[in-house]
Amino acid sequence: MTILLVEKNKTILNNLSATLEKLSPDAEIISCSDSPTALVEARKKRIDVAYLDAKLPEINGLLLGRYLKDLNPKVNLIVLTKEKHVAFDAMALRASGCIMLPPQEADVASEMEVLRYPLGKKAKKRVFVQTFGNFELFADGVPVPFKYSKTKEIVAVLVNNKGVQTTNGEIIASLWEDDGDPKVKSSYLSNLRQDLQNTLSDLGLTEIIIKHRGSMAIAKDKVECDLYEWLEKKKASRFRYLGDYMNQFSWAEFVHAELDEISYMEDED
C-alpha cells in the first residue's frame, strides 16, 4: 500500500507521517508539502490512499484529488481541513473521508478502517503482459485497444528492456529498422507517445509507464508478466518459455538466443 501525504504545515505533515507509520507499518509513505511535487510522485507509482490539505497553495487539495482520481480512479482521498463546510465538497469528490486539522491518531485510525476502496494485503495487478507467443497487453483481462499498432510495439520494446529507461532513439531504431528521415520518424514517435498516454489515461493505467525527458520505461512492479515471472522463478513459474517470444516483432528474434540459453540451463538443472 502506498500512502501520499500532502500538507503545507511541516509539523502537521511530520506528525501525520509518524502516525501512519505506526498504524500501517508495511505501507510506503510519501510526504509532500506542495501539490506539484505530489503530482510528480503520483505519476511515478499508484497511490492507494492520499491525505490532502484542502487549503494547499497553487493547486488546492480538492482539485489535486481530482487529478489523483484521473491517475487512479480507486484512490482513497482523505481531506484535511479546519472548516466543516469543506466536508460537503469532499463528499462531492467521492472522497473516502474528511478529518479536521490537526489530525488526531484516533481519527486517522478510524479513516483507515473504513476506506471507500478497501485494500487487501496484496492487491491484484490490473495489467498482464503476455510475451510468450504473440505480444499482448491486457487490462482487467481485456486486450488494450491501441489506436496504432506501433503504439503497442512501443510497449513491447519497453517490456523487452525490463524496466530500463529506453531513449527515443532506441525506440525509433527498434520500430523502424530501415533508413529514413530521422525528423519524420521523431515526429511520428511524438504522436505515438501521445497516443500511448491517452490510451493508458482512459484506462487509469498511466502509472505503468515511467517517463523522463527523451526516454521511457515499463514500471515492472505495476504489471504481471510471463517473461518476468519465468526469469525470476524458473521452474516454479506458472509460465514456460517454449521458443516463441513476441512473434510479431522482427527485433525480438535477437532475444531468442538469450532465452533459449536460459531455458536450456534450466532443463539441465
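Residues numbered from 1 in each chain as written. Predicted model: local features only at pLDDT ≥ 70, side-chain atom pairs only at ≥ 80, totals over all residues. Heavy atoms only, no water.

Enquirer: So what exactly am I meant to see when it comes to the overall build of the protein here?
Expert: Across its full length, the protein holds 10 helices and 12 strands. For the protein, the spread of C-alpha atoms along the principal axes amounts to about 60 × 50 × 30 Å. The buried share of the protein, taken over its 269 residues, is 46%. Of the roughly 14300 Å² that the protein leaves accessible, carbon and sulfur atoms contribute 50%. Seen as two clouds, the 36 positive and the 41 negative side-chain charges of the protein have centres 6 Å apart. (Helix = DSSP H or I, 4+ residues; strand = E, 2+ residues; numbered from the N terminus. Buried < 20%, exposed > 50% of the residue type's maximum accessible area, 1.4 Å probe, protein only. Areas by Shrake-Rupley, 256 points an atom, 1.4 Å probe, with all protein chains shown as cover. Lys, Arg positive; Asp, Glu negative; His and termini not counted. Charge placed at Lys NZ, Arg CZ, Asp CG, Glu CD.)

Enquirer: How should I be thinking about the sheet that holds strand β7 (residues 136-139) in this particular structure?
Expert: Pairing in this open sheet of 4 strands is mixed, and the strands run β8-β7-β6-β12 from one edge to the other. Here the strands that pair on one side only, and so sit at the sheet edges, are β8 (142-143) and β12 (223-225). One ladder, built from 4 bridges, connects strand β6 (residues 127-130) with β7; its direction is antiparallel. Counted as the bridge partner of Gln-130 is Glu-136 from β7. The sheet strands contacting helix α9 (residues 226-233) are β6 and β12, and the helix crosses β12 at an angle near 70°. (Pairing = 2+ DSSP bridges. Contact = heavy atoms within 4.5 Å. Axes fitted to C-alpha atoms, helices over the stretch in contact; angles between N-to-C directions.)

Enquirer: What should I look at first to understand the nonpolar core in this one?
Expert: Buried together is how nonpolar side chains tend to be arranged in soluble globular proteins. Core analysis: the largest hydrophobic core is formed by 40 residues, its most contacted members being Phe-135, Leu-137, Ile-154, Val-159, Tyr-245 and Met-246. The element that contributes the greatest number of residues to this core is helix α6 (residues 149-160), accounting for 6 residues. What Tyr-245 contacts, discounting residues up to four positions off in sequence, is Thr-131, Phe-132, Gly-133, Asn-160, Leu-227, Ala-252, Val-255, His-256 and Leu-259. Grouped together as the second largest cluster of nonpolar side chains are 24 residues, Val-6, Ala-42, Leu-52 and Leu-68 included. (Core = buried A, V, L, I, M, F, W, Y, C linked by side-chain atoms within 4.5 Å.)

Enquirer: Looking at this model, I keep getting lost on helix α3 (residues 61-71). Mind explaining?
Expert: Every α-helix carries 3.6 residues per turn, so stepping three or four residues along brings you back to the same face. What α3 keeps buried is the set Gly-61, Leu-62, Leu-64, Gly-65, Leu-68, Lys-69 and Leu-71. Down the axis of α3, the buried side of the element spans an arc of 160°, and every buried residue falls inside it. On its buried side, α3 packs onto β1 (2-6), α2 (35-44), β3 (49-53), β4 (76-81) and α4 (86-92). (Arc of directions from axis to C-beta.)

Enquirer: Explain the pattern of salt bridges to me, please; I cannot follow it from the model alone.
Expert: If charged atoms from side chains of opposite charge come close, those side chains can pair. Per the stated rule, a full pass over the model turns up 11 salt bridges. Among the ionic pairs, Asp-53 bridges to Lys-8, the shortest N-O distance being 2.7 Å. You can see Asp-53 sitting in strand β3 and its partner Lys-8 sitting in the loop between β1 and α1 (10-23), a full 45 residues away along the chain. A residue is classified by how much of its surface remains accessible, and Asp-53, at 1% relative accessible area, is buried. (Salt bridge = Lys/Arg side-chain N within 4 Å of Asp/Glu carboxyl O.)

Enquirer: I'm lost on α6 in this one. Help?
Expert: An ideal rise of 1.5 Å per residue puts 16 Å on 12 residues; α6 measures up with 17 Å between its terminal C-alpha atoms. Most of α6 is tucked away, with 11 of its 12 residues classed as buried. Remark: Lys-162 follows α6 within two positions and exhibits a positive phi of approximately 55°. (Expected span 1.5 Å × (residues − 1).)

Enquirer: Help me out: how do you make sense of the confidence of the model for the protein in this one?
Expert: A low pLDDT means the predicted coordinates there should not be read in detail. Looking at the protein as a whole, the pLDDT averages 91, with 96% of positions reaching at least 70. Looking at the elements of the protein, mean pLDDT is at its lowest for α4, recorded as 84, and at its highest for α6, recorded as 97. (pLDDT = per-residue confidence, 0-100.)

Enquirer: Teacher, can you tell me more about the environment of Lys-222 here?
Expert: Looking at where Lys-222 falls in the secondary structure, it is placed in the loop between β11 (215-218) and β12. For Lys-222, a relative accessible area of 14% translates into the label buried. Measuring from C-alpha to C-alpha, the distance between Lys-222 and Ser-201 comes to 15 Å, with 21 residues separating the pair along the chain. In this structure Lys-222 touches Lys-45, Arg-46, Lys-125, Val-127, Glu-207 and Ile-208, once residues within four positions along its chain are discounted.

Enquirer: Just checking my understanding: could you explain unusual backbone geometry for this structure?
Expert: Of all residues except glycine, most have a negative phi; of all peptide bonds, most are trans. That bond from Leu-101 to Pro-102 is cis: its omega, -10°, falls within 30 degrees of zero. Residues other than glycine seldom take positive phi values, yet Glu-58 does so here, at roughly 65°. Residues other than glycine seldom take positive phi values, yet Lys-234 does so here, at roughly 55°. With respect to the helices and strands, the residue Lys-234 is situated in the loop between α9 and α10 (253-268). Under the relative-accessibility criterion, Lys-234 is labelled partly exposed at 31%.

Enquirer: I tried to follow the sheet that holds strand β10 (residues 209-212) on my own but got confused; where do I start?
Expert: Strands belonging to one sheet form pairs held by backbone hydrogen bonds; the direction of such a pair is parallel or antiparallel. One open sheet holds the 3 strands; their spatial order is β9-β11-β10, and the pairing between them is antiparallel. Each having just a single partner strand, β9 (166-167) and β10 make up the two edges of the open sheet.

Enquirer: Can you help me understand the pairing of β7 in this one?
Expert: One face of the sheet, then the other: side chains in a regular strand alternate in exactly this way. Every second residue of β7 is oriented toward a common face, with Glu-136 and Phe-138 on one face and Leu-137 and Ala-139 on the other, all of them buried. Hairpin connection from β6 to β7: 5 residues lie between these consecutive antiparallel strands, with Gly-133 at a positive phi of about 90°. One ladder, built from 2 bridges, connects β7 with β8; its direction is antiparallel. Following the sheet pairing, Ala-139 is matched in β8 by Val-142.

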